[in-house]
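Here is what each chain is made of, one letter per residue.
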Amino acid sequence: MMGKDSQKALKTQTSSGVYFTDTFINRPVFSIVLSLLILILGLRALDYLPIRQYPFTQNAVVSISTTYAGADPELIAGFITTPLEKAIAQANGIDYLVSNSTQGQSSIRAVLRLNYDPNRALTEVITKVNSVLNLLPKDAQSPSISISIGDDYDSLYIGFSSKVLENNQITDYLNRVVVPQLQSVTNVQLAEILGGKQLALRAWLDPDKMASFGVTAADVSKALSQNDFISAVGRTDGQMVTADFVAETGLHTVEEFQNLILKSKNGVIIQLKDVAKVVLGSENYDIDVAYDGKEAVFIGIKVAPSANVLTVIQDIKQRLPEIFKELPEGLQGEIVYDQTRFIKSSISEVEHSLIEAMVIVIGVIFLFLGTFRSVVIPLIAIPLSLIGGFFIMMIFGFTINLL
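This write-up is about the structure you can find in this document. These figures come from a predicted structure and were not determined experimentally.

Rules behind the numbers
- Residues numbered from 1 in each chain as written.
- Predicted model: local features only at pLDDT ≥ 70, side-chain atom pairs only at ≥ 80, totals over all residues.
- Heavy atoms only, no water.
- Helix = DSSP H or I, 4+ residues; strand = E, 2+ residues; numbered from the N terminus.
- Contact = heavy atoms within 4.5 Å.
- Core = buried A, V, L, I, M, F, W, Y, C linked by side-chain atoms within 4.5 Å.
- Buried < 20%, exposed > 50% of the residue type's maximum accessible area, 1.4 Å probe, protein only.
- Pairing = 2+ DSSP bridges.
- Axes fitted to C-alpha atoms, helices over the stretch in contact; angles between N-to-C directions.
- Parallel < 35°, antiparallel > 145°, perpendicular 65-115°, else oblique.
- Left-handed = near helix turned anticlockwise from the far one by under 90°.
- Nonpolar A, V, L, I, M, F, W, Y, C, P; charged D, E, K, R; others polar.

**Structural notes on the environment of Leu201**
- Its location among the elements puts Leu201 in strand β8 (residues 199–205).
- Distance from Leu201 to Phe257, taken between C-alpha atoms, is 8.6 Å for residues 56 residues apart in sequence.
- If near-sequence neighbours (up to four positions away) are discounted, Leu201 is found in contact with Thr253, Val254, Phe257, Val278, Val279 and Leu280.

What follows is the structure, encoded as structure tokens:
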């Protein structure tokens, strides 16, 4: 004999359970509508869930780059890198610093702690850098500060090569035409050029000729700065006419630079071409990129951290045929690395595993129960549960990771 309280509790529990299941059995239309709602919400959520190779983390890096033309690595390290490092290390949120001092260039990377607010860290780094600007050499350029959030690697690399065009010409075209088109694709965080060489006029000084003419590197630098500058003259407004003034203060061709007058000595005019070889070349010759044995220029695509990399790369691929069609004669472009190939391969393996699991579960149920009706229920319930889980993942901000 059970007590009244135990009987009452058992009755409540049983009636509650029966009532809940009977709702879906006695109301098949309601069950079908609810199942369809779960299916629609899950499929819709699947379009918004980002697919990443690794779980999302807020890993940001602040980069500080300073140029001091002509300075050797020891000078860069002692008078630029070290003071900046000491100041930047006092900022909050920094995990560790990585610095590199090369000929004429100082580079510092401040890696932030995991999930630390990048905007707050960037503000503090800028403040610390500004506090030591007076300690840097006066001829050094002001430090350039940037921040990158998300993955440090690119999801897609596009290579451009040519047997006709020079590397700096390819870089100039990509900067002007191709990069803006790729940067405009939704959820593209950055389209960066790798291995490119910016157009620059180079004056290769000959020390023997300079000594014979009594010209120093300071004389060349002074002449260049005094004879090639930008001036805003303005305009004049008359009663009837408004005239814009244009000042031809810049040098535009190689010949104009070659004929630049450095100084006059004993009635002899010394020009830049007398002491240097002036050519239209590149800003630097330190980095080269190649694939399949061909020298090339790469464009790397970084996808926004919260975006679906498969969707973004697919949108870029749809743009590429038009971009390749408009390339100058002799310039070829092709995809040399595509991260989505590995992601799709992993997704395919997951799909195969799910299908195999469903087949095994359905087979076991059929063997034990022996009726087709008992198999239909899990056949519908298993995929419906998986698809409905996508909606819950979207609500909680989860991503479809492949780790």
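**Brief notes about the nonpolar core**
- Among the nonpolar cores identified, the biggest contains 31 residues, and Phe160, Leu174, Val178, Leu182, Ile299, Ile301 and Ile316 are the most heavily contacted of them.
- Sorting the residues of this core by element identifies β6 (156–162), α5 (167–183), β7 (188–194), β15 (294–303) and α10 (309–325) as the ones contributing at least two each.
- Leave out the neighbours within four places in its chain, and Ile301 touches Asp154, Ser155, Leu156, Leu182, Val188, Leu190, Ala191 and Ile316.
- The next biggest cluster of nonpolar side chains, apart from the first, holds 23 residues, and it includes Ile88, Ala91, Ile108 and Val129.

**Describing the pairing of strand β4 (residues 105–112)**
- As defined by bridge partners, strand β2 (residues 60–67) adjoins β4 across 7 bridges and the pair is classed as antiparallel. Bridged to Thr66 within β4 is Ser106.
- Strand direction decides the pairing type here: strand β3 (residues 94–102) and β4, joined by 8 bridges, are antiparallel. Bridge pairing in β4 places Ile94 opposite Leu112.

**A few points about the packing of helix α3 (residues 73–88) against helix α4 (residues 118–130)**
- At a minimum axis distance of 8 Å, the contact between α3 and α4 shows a crossing angle of 135°. Overall, the two elements α3 and α4 adopt an arrangement that is oblique. Crossing angle aside, the handedness with which α3 passes α4 is right-handed. Taken together, the residues of α4 that come into contact with α3 (itself represented by Leu84, Ala87 and Ile88) are Val125, Lys128 and Val129.
- When grouped by side-chain class, the residues that make up the contact of α3 with α4 number 5 nonpolar, no polar and 1 charged.

**Considering unusual backbone geometry**
- Phi is positive for Asn115, which is not a glycine, with a value near 65°.
- Within the element layout of this structure, Asn115 appears in the loop between β4 and α4.
- Unusually for a residue other than glycine, Asn187 sits at a positive phi of about 70°.
- Mapped onto the elements, Asn187 comes out in the loop between α5 and β7.
- Using a relative accessible area of 39% as the deciding quantity, one classes Asn187 as partly exposed.

**Focus on the sheet that holds strand β5 (residues 144–149)**
- Taken together, the 4 strands give an open sheet; going across it, the order is β3-β4-β2-β5, and neighbouring strands pair in antiparallel fashion. The sheet is open, and its two edges are formed by β3 and β5, each paired on a single side. Going across the sheet, the axis of each strand differs from the next one's by a mean of 15°, ignoring polarity.
- With 6 bridges connecting them, β2 and β5 associate as antiparallel partners. Note on β5: the bridge partner recorded for Ser63 is Ser146.
- Across the sheet, α3 is in contact with β2, β3 and β4; its angle to β3 comes to roughly 165°.
- Against the sheet, α4 contacts β2, β3, β4 and β5, and its axis sits at roughly 165° relative to β5.

Note that every value here comes from positions in space, so none of it alone points to a role or purpose.
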